[in-house]
Amino acid sequence: MAFRISQRVVIIDTANVLDRCPELVGSIGEITSVPEPPNKMYEVLVSDGRTVKFQASALNATTSGRAAAAAQFAGADEGESDEEADNASKVSHAQTLKRGTQVTIHRTENVQQRAPHLIGRIGVIKEVPQHPNTWFKVQFADRRVCTFRPSALRRVAAGRAGAGARGVAARRCSLLRKSALAPSASALSAAFASVSSRTAFDSPATRSRK
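Along each chain, residues carry numbers from 1 onward, in the same order as the chain's sequence is written. Thresholds applied to this predicted model are a pLDDT of at least 70 for local features of residues and 80 or more for the giving and counting of side-chain atom pairs; totals over whole chains, interfaces and linings are not thresholded and use all residues. Neither water nor hydrogens contribute to the side-chain values; these are computed over all heavy atoms in the structure.

**Comments concerning the sheet that holds strand β8 (residues 136-139)**
Here, strands pair whenever DSSP counts at least two bridges between them. Labels follow the DSSP assignment, with helices taken as runs of H or I lasting at least four residues and strands as runs of E lasting at least two, numbered in each case from the N terminus. Read across the open sheet, the five strands follow the order β9-β8-β7-β6-β10; overall the sheet is antiparallel. Only two strands of the sheet have a single neighbouring strand rather than two, namely β9 (145-148) and β10 (153-155). Taken over all neighbouring pairs, the strand axes of this sheet differ in orientation by 45° on average, direction set aside. Pairing of strand β7 (residues 122-127) with β8 involves three bridges; the strand directions are antiparallel. Of the residues in β8, the one forming a bridge with Val124 is Gln139. For helices, the axis comes from a line fit to the C-alpha atoms of the stretch in contact; other axes are also lines fit to C-alpha atoms, and the angle between any two N-to-C directions lies between 0 and 180 degrees.

**Some remarks on the confidence of the model for the chain**
In low-pLDDT segments, the atomic positions of the prediction should not be examined closely. Confidence per residue, as judged by the predictor, is encoded in pLDDT with a range of 0 to 100. Mean pLDDT over the chain: 74, with 60% of residues reaching 70 or higher. Least confident of the elements in the chain is helix α2 (residues 64-95), whose mean pLDDT is 49; most confident is β7, at 93. A low-confidence stretch, residues 65-89 (pLDDT under 50), is modelled with seven contacts involving residues beyond four sequence positions or located in other chains. By definition in these notes, contact holds between two residues if any of their heavy atoms fall within 4.5 Å.

**Points about the sheet that holds strand β2 (residues 28-33)**
Within a sheet, adjacent strands bond to each other through the backbone by hydrogen bonds, running parallel or antiparallel. Pairing is antiparallel in the open sheet, where five strands are placed in the order β4-β3-β2-β1-β5. Here the strands that pair on one side only, and so sit at the sheet edges, are β4 (51-55) and β5 (59-61). Averaged over all neighbouring strand pairs, the angle between strand axes comes to 50°, with direction disregarded. Pairing geometry for strand β3 (residues 41-45) and β4, over five bridges, is antiparallel. Its bridge partner lying in β4, Val44 is registered against Val52.

**Overview of unusual backbone geometry**
In the segment running from Pro37 into Pro38, the intervening peptide bond is cis, with an omega of 5°. Relative to the assigned elements, Pro38 resides in the loop between β2 and β3. Phi angles above zero are rare outside glycine, and Ser6 is one such case at about 80°. Its place among the elements puts Ser6 in the segment before β1 (8-11). Between buried and exposed lies partly exposed: a residue is buried under 20% and exposed over 50% of the maximum accessible area for its type, with that area taken using a 1.4 Å probe on protein chains only. Under the relative-accessibility criterion, Ser6 is labelled partly exposed at 46%. For Arg143, which is not a glycine, the phi torsion comes out positive at approximately 75°. Within the secondary structure, Arg143 sits in the loop between β8 and β9. Among the residues examined, Arg143 registers a relative accessible area of 61% and is labelled exposed.

In structure tokens, the structure reads:
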């Protein structure tokens, strides 16, 4: 059977096709070059953008309905494959989040709406979800506990976790030092009262009475 340029064809499972490119069996292509004797190979543009050579025996003319059906099934398969891969990636990520794992809060639409001030903060997973629940409980340095989906959590590298802990400790030490150095209100009041009494005792009126 002879084909013409721009004609749409379906690739069938001949021994040659199965040996060279079995993944193309059943796919739709378009003739881009016809052979000149003694050449017998047609050049076909296939769905992934490649141009592949086939003999006429590996090609069947296709009607527009058949081509549309093949394209629809190919698109459905590709969509299902992408969705399955995405779901597998999410499951794999969630499985790495264990109780006690240090995580940083990632910007998601949900976090942006509920708790934008926590984006970038480091916390510790205190409770993992039980099916069908998907929310992790995360505790922060101020002892507050918030819930997040796994998409909002990123594991913290050991070095960064250490730096974060050192930063929290340093801030606590600084607050303690300031608290120790700052005089209390009662101490200031007592000192003021003492100064006032001495001033009153040394006043001219007091000295004249003496």
